[in-house]
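The chain contents come next:
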Amino acid sequence: MLVGGEGTRLQPLTWRTPKQLVPVLGRPLLEHLLLHLRAHGVTHVTLALTRTPLAAAVHEAFAESGALDLTLDYAYEETPLGSGGAIASIAGGWDEPFLVCNGDIITDLDIAAFAAAHRARGAAISIALHEVDDPSGFGVVVLDAASRITRFVEKPQREEAPSRLVNAGTWLFEPSAIAALDPTRPQHAEDELFPTMAASGGPIYGFAGSRYWRDIGNPDAYLRVNLELVAGALPARLPAGWPPDGVLAADGARIAPDAHVRAPVLLGASVAVDAGARIEGPAIVGDGSRVGAGTLVRRSVLWERVQIGPGARVIDCVLADGVHIGAGAEVDGAVVAHGARIADGARVTPGSRIQPDALEGA
Ligand code: GTP
């Protein structure tokens with residue numbers, strides 16, 4: 001699994017938390033990806049990381065991966081090698097077909113069906129595809145009648161896109177297919193190997209096998225995925241014991257009798273929702289957070305230990321660990337990074353990106 005990127009588009013959330021550990025429904029993104037693989041019969045995963053302090057946090061978080069019933073290996077690039085370089089350096093000596101996954105995608109891709117199609121077609125490389133409404137931000141593929149990929153078009157204008165099928169970031173390789181990749185040179189398989197094979201008539205095939213597919217590239221996508229998942233877009237991703245009424249409060253959560261929690265809402269351990277507060281789902285409130293008296297939280301994701309002062313309004317926001325929102329503040333459409341403080345009565349406008357430990361509106 002490719003998890004060695006810098007996560008720049010997800011800043012400021014990724015200054016202190018690596019992309020793979022950002023919480024999705026209260027658990028690290030990577031845990032969801034590994035559970036999906038495990039549910040489809042994968043038992044051995046190599047994480048392709050770049051050697052950085054944040055990567056060490058990923059390693060530590062999964063050191064006890066026994067609970068996932070998976071064998072995890074860690075392979076480090078000293079500097080990022082891109083997908084092609086990473087695959088070549090890790091899989092160079094392998095003699096069996098293998099799966100490569102981008103580490104920032106939540107999907108219900110049927111991996112067994114994907115592998116079966118790969119074998120049946122005699123493919124050297126298979127690429128999972130997903131149909132999107134607007135392909136302009138993606139690598140678009142063109143298929144022939146037998147699902148062989150004939151062409152890739154990178155980020156076309158929407159009206160000029162030759163199809164709406166995009167490279168969904170999960171690939172199957174025969175070992176022989178990576179001979180052209182150089183393990184010492186940074187390169188992207190999707191820029192070089194894939195288009196070259198497609199243009200030369202080689203056995204590279206596409207497979208559309210997902211109903212849900214989201215790339216957690218930037219904060220807007222991150223918020224959207226969390227809200228869709230808490231609303232039940234992928235039932236397998238919901239926490240165990242998800243109740244029919246769509247409000248799950250973990251151990252120790254305290255909801256004042258006159259507070260109002262409208263589903264779907266996930267409340268973490270030891271969350272406090274004070275008198276008269278309203279939480280309007282979809283919303284997620286992380287462990288140890290406090291939603292103060294008379295506040296409104298709507299369509300937002302709060303990480304751990306977030307404090308929202310009395311009478312504040314938080315709408316369409318992501319608030320990272322330890323954020324403090326002052327009394328009466330109005331925060332709309334903002335991403336607030338770890339430990340930042342919004343002053344009492346401050347107004348934070350849509351699109352704001354507040355850096356870690358910043359003091360805003362004082
Ligand atoms: P941005 O910096 O915002 O573009 O994010 P990113 O670094 O995650 O890049 P991108 O979204 O293109 O990466 C898709 C997946 O590939 C992510 O899971 C990355 O961690 C991973 N990835 C990207 N570049 C490399 C690399 O050079 N080496 C490895 N091992 N993984 C990579």
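Given the structure is predicted, the values throughout are model-derived calculations rather than measurements.

(A) The sheet that holds strand S19 (residues 283-285), seen in detail. Here seven strands make up an open sheet; going across it, the order is S13-S16-S19-S22-S25-S28-S31 and the pairing parallel. Of all the strands in the sheet, the pair left with one neighbour each is strand S13 (247-249) and strand S31 (353-354). With two bridges joining them, S19 and strand S22 (residues 301-302) adopt parallel strand pairing. The partner of Ile284 across the bridge, within S22, is Val301.

(B) Structural detail: the pattern of salt bridges. Taken as a whole, this structure holds 21 salt bridges when the rule is applied. One salt bridge in this structure joins Glu228 and Arg214, with 2.8 Å as the shortest N-O distance. Taken together, the positions of Glu228 in helix H6 (residues 219-230) and Arg214 in strand S12 (residues 213-215) put the pair 14 residues apart, joining distant regions of the chain. Linking Arg298 and Glu280 is a salt bridge whose minimum nitrogen-to-oxygen distance equals 2.8 Å. Within this pair, whereas Arg298 is found in strand S21 (residues 296-298), its partner Glu280 is found in strand S18 (residues 278-280), the two being separated by 18 residues in sequence. Exposure remark for Arg298: the relative accessible area of 29% places this residue in the partly exposed category. Salt bridges linked by common partners bring Arg262, Arg278, Glu280 and Arg298 together as one network.

(C) Highlighting the side chain of His338. Mapping His338 onto the fold places it in the loop between strand S28 (335-336) and strand S29 (341-342). Looking at His338, the relative accessible area reads 6%, which means it is buried. Looking at His338, its side chain comes within polar contact range of the side chain of Thr17, at 2.8 Å. Here His338 is in contact with Leu13, Arg16, Thr17, Trp303, Ala320, Asp321, Pro356 and Asp357, once residues within four sequence places are set aside.

What counts as what
Residues numbered from 1 in each chain as written. Predicted model: local features only at pLDDT ≥ 70, side-chain atom pairs only at ≥ 80, totals over all residues. Heavy atoms only, no water. Pairing = 2+ DSSP bridges. Helix = DSSP H or I, 4+ residues; strand = E, 2+ residues; numbered from the N terminus. Salt bridge = Lys/Arg side-chain N within 4 Å of Asp/Glu carboxyl O. Buried < 20%, exposed > 50% of the residue type's maximum accessible area, 1.4 Å probe, protein only. Polar contact = N/O pair within 3.5 Å; in protein donor to acceptor, adjacent residues only side chain to side chain. Contact = heavy atoms within 4.5 Å.

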